[in-house]
Protein chains: 2
Amino acid sequence: MKAIILFGHGARDSRWREPFDRLAELWRQQHAATPVALAFLEMMQPSLEEAVASLNSQGVKRITVVPVFFGQGGHLRNDFPVLLEACQKQYPQIALSTTPAVGEDLAVLQAIIDFSARAL
Amino acid sequence: MKAIILFGHGARDSRWREPFDRLAELWRQQHAATPVALAFLEMMQPSLEEAVASLNSQGVKRITVVPVFFGQGGHLRNDFPVLLEACQKQYPQIALSTTPAVGEDLAVLQAIIDFSARAL
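Structural notes, computed from the coordinates. (Residues numbered from 1 in each chain as written. Chains lettered and ligands numbered in written order. Predicted model: local features only at pLDDT ≥ 70, side-chain atom pairs only at ≥ 80, totals over all residues. Heavy atoms only, no water.)

1. Remarks on the relation of the copies chain A and chain B
Then, number 1: With an axial shift of 0.0 Å and an RMSD of 0.0 Å, the rotation relating chain A to chain B amounts to 180°. As the rotation angle and translation indicate, the two copies are arranged about a two-fold axis. No C-alpha of chain A approaches the rotation axis more nearly than that of A:Val108, which lies at 3.0 Å. (Least-squares fit on C-alpha atoms with pLDDT ≥ 70 in both.)

Listed below in structure tokens is the structure:
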């Protein structure tokens, strides 16, 4: 079984995670056969490792981690690969892969442009 | 004349801003009549105040500031209103308005879901 982890930065204010909860809910509605978990780099739970552990306990064998970040700075270029490698070492039976940040996707950027245009 | 400011967090790594530069370019291609500026909360230039100053010097009279953030945490709930109010006081001749964070928009979230589904 494959699964997806939506990986965000995290923040002190718990309300910050609302769009992430909404993303997970949208995923469940539209892709019910593929489990989804949220994970956060800092200040929020679960961590990436905790999310992988949870999916592992559900029998998941392949996980795609999607960085829900706009830009690819130090967090994604430095911190994230280290975390991912540590998870891979801890769960060698799971095939862990990752994607570029969602901010690299033209359709995501276009949706932001369209939202901005409607706001004018 | 009205204009738009795409307001992001900023980061130490200059490559972080690439999606923001791409957003501004998309905007210019699609909405050439409405000037666009980027602005950043921290670690990158220009600041919100610098962006407003630049648009003011171009004769802009109305500015919509779009927070290109996923979640609405301390930065948007606390720091951003203070910055915005300071800009408004400094440029009383400009009508400054703002929108919710782009992460509040269902179409933006759906684009992230679609990107994630294609990556599986």
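2. Some words on the sheet that holds strand S3 (residues 62–67) of chain A
Residue and element names in this part refer to chain A.
Then, number 1: Read across the open sheet, the four strands follow the order S2-S1-S3-S4; overall the sheet is parallel. The outermost strands of the open sheet, each flanked by one partner alone, are strand S2 (36–40) and strand S4 (95–98). For this sheet the average axis-to-axis angle between neighbouring strands, irrespective of direction, equals 25°.
Then, number 2: Most of the contacts of helix H1 (residues 18–30) go to S2, to which it runs at about 160°, and overall it touches strand S1 (2–8) and S2. (Pairing = 2+ DSSP bridges. Helix = DSSP H or I, 4+ residues; strand = E, 2+ residues; numbered from the N terminus. Axes fitted to C-alpha atoms, helices over the stretch in contact; angles between N-to-C directions. Contact = heavy atoms within 4.5 Å.)

3. Re the packing of aromatic side chains
Then, number 1: A full pass over the atoms with the stated rule returns 13 aromatic pairs over all chains.
Then, number 2: Each ring, one from A:Phe7 and one from A:Phe80, has its centre 5.0 Å from the other, and the planes form 25°; the classification is stacked. You can see A:Phe7 sitting in strand S1 and its partner A:Phe80 sitting in helix H3 (residues 74–90), a full 73 residues away along the chain.
Then, number 3: For A:Phe7, a relative accessible area of 0% corresponds to the buried category.
Then, number 4: When the centroid spacing of 5.9 Å and the interplanar angle of 35° are considered together, the rings of B:Phe7 and B:Phe69 count as tilted. Of this pair, B:Phe7 sits in strand S1 (residues 2–8) while B:Phe69 sits in the loop between strand S3 (62–67) and helix H3 (74–90), and the two are 62 residues apart along the sequence. One exposure class covers both B:Phe7 and B:Phe69, and it is buried. (Phe/Tyr/Trp six-rings, centres within 6.5 Å; stacked < 30°, edge-to-face > 60°. Buried < 20%, exposed > 50% of the residue type's maximum accessible area, 1.4 Å probe, protein only.)

4. A few points about the pattern of salt bridges
Then, number 1: Counted according to the given criterion, the structure contains 14 salt bridges over all chains.
Then, number 2: Close ionic contact of B:Arg17 with B:Asp21 constitutes a salt bridge, the shortest N to O distance being 3.1 Å.
Then, number 3: Residue class for B:Asp21 comes out partly exposed when judged on its relative accessible area of 34%.
Then, number 4: One connected set of salt bridges, linked through shared partners, spans A:Asp13, A:Arg15 and B:Arg77. (Salt bridge = Lys/Arg side-chain N within 4 Å of Asp/Glu carboxyl O.)

5. Comments concerning the packing of helix H4 (residues 106–119) of chain A against helix H1 (residues 18–30) of chain B
Then, number 1: Contact pair H4(A) / H1(B): the axes reach a minimum separation of 10 Å and the direction vectors enclose 55°. When the axes of H4(A) and H1(B) are compared, the pair comes out oblique. Between H4(A) and H1(B) the crossing geometry is right-handed. Judged by residue contacts, A:Leu106, A:Leu109, A:Gln110, A:Ile112, A:Ile113, A:Ser116 and A:Ala117 of H4(A) engage B:Pro19, B:Arg22, B:Leu23, B:Leu26, B:Trp27 and B:Gln30 from H1(B).
Then, number 2: Residues of the contact of H4(A) with H1(B), tallied by class, amount to nine nonpolar, three polar and one charged. (Parallel < 35°, antiparallel > 145°, perpendicular 65-115°, else oblique. Left-handed = near helix turned anticlockwise from the far one by under 90°. Nonpolar A, V, L, I, M, F, W, Y, C, P; charged D, E, K, R; others polar.)

6. Quick word on H3(A)
All names here are of chain A.
Then, number 1: In this model H3 runs 23 Å from its N-terminal to its C-terminal C-alpha over 17 residues, within 8% of the 24 Å that 1.5 Å per residue would give.
Then, number 2: For H3, the principal kink sits at Phe80 and spans about 35°; a proline, Pro81, occurs within the next four residues.
Then, number 3: Buried within H3 we find Leu76, Phe80, Leu84 and Cys87.
Then, number 4: Next to the buried residues of H3 lie S1, helix H2 (48–57), S3 and S4. (Expected span 1.5 Å × (residues − 1). Bend = angle between axes of the 7 residues up to and from the residue.)

7. Looking at the side chain of B:Ser116
Then, number 1: Among the secondary structure elements, B:Ser116 is positioned in helix H4 (residues 106–119).
Then, number 2: Excluding residues within four positions of it along the chain, B:Ser116 makes contact with A:Ile4, A:Leu6, A:Trp27 and A:Val66.

8. Some details on the interface of chain A and chain B
Then, number 1: Residue-level contacts link 49 residues of chain A with 49 residues of chain B.
Then, number 2: Here chain A and chain B share an interface that buries about 4200 Å² over both sides, 73% of which is from carbon and sulfur atoms.
Then, number 3: Among the residues chain A hides against chain B, the three largest losses belong to A:Phe70, A:Phe115 and A:Leu120. Together they make up 18% of the total.
Then, number 4: Linking chain A with chain B are six salt bridges.
Then, number 5: A:Asp13 serves as the salt-bridge partner of B:Arg77, at 3.8 Å between the closest nitrogen and oxygen.
Then, number 6: The tally of links between chain A and chain B comes to four residue pairs in polar contact (both at pLDDT 80 or more). (Buried area = accessible area lost by both parts, 1.4 Å probe. Polar contact = N/O pair within 3.5 Å; in protein donor to acceptor, adjacent residues only side chain to side chain.)

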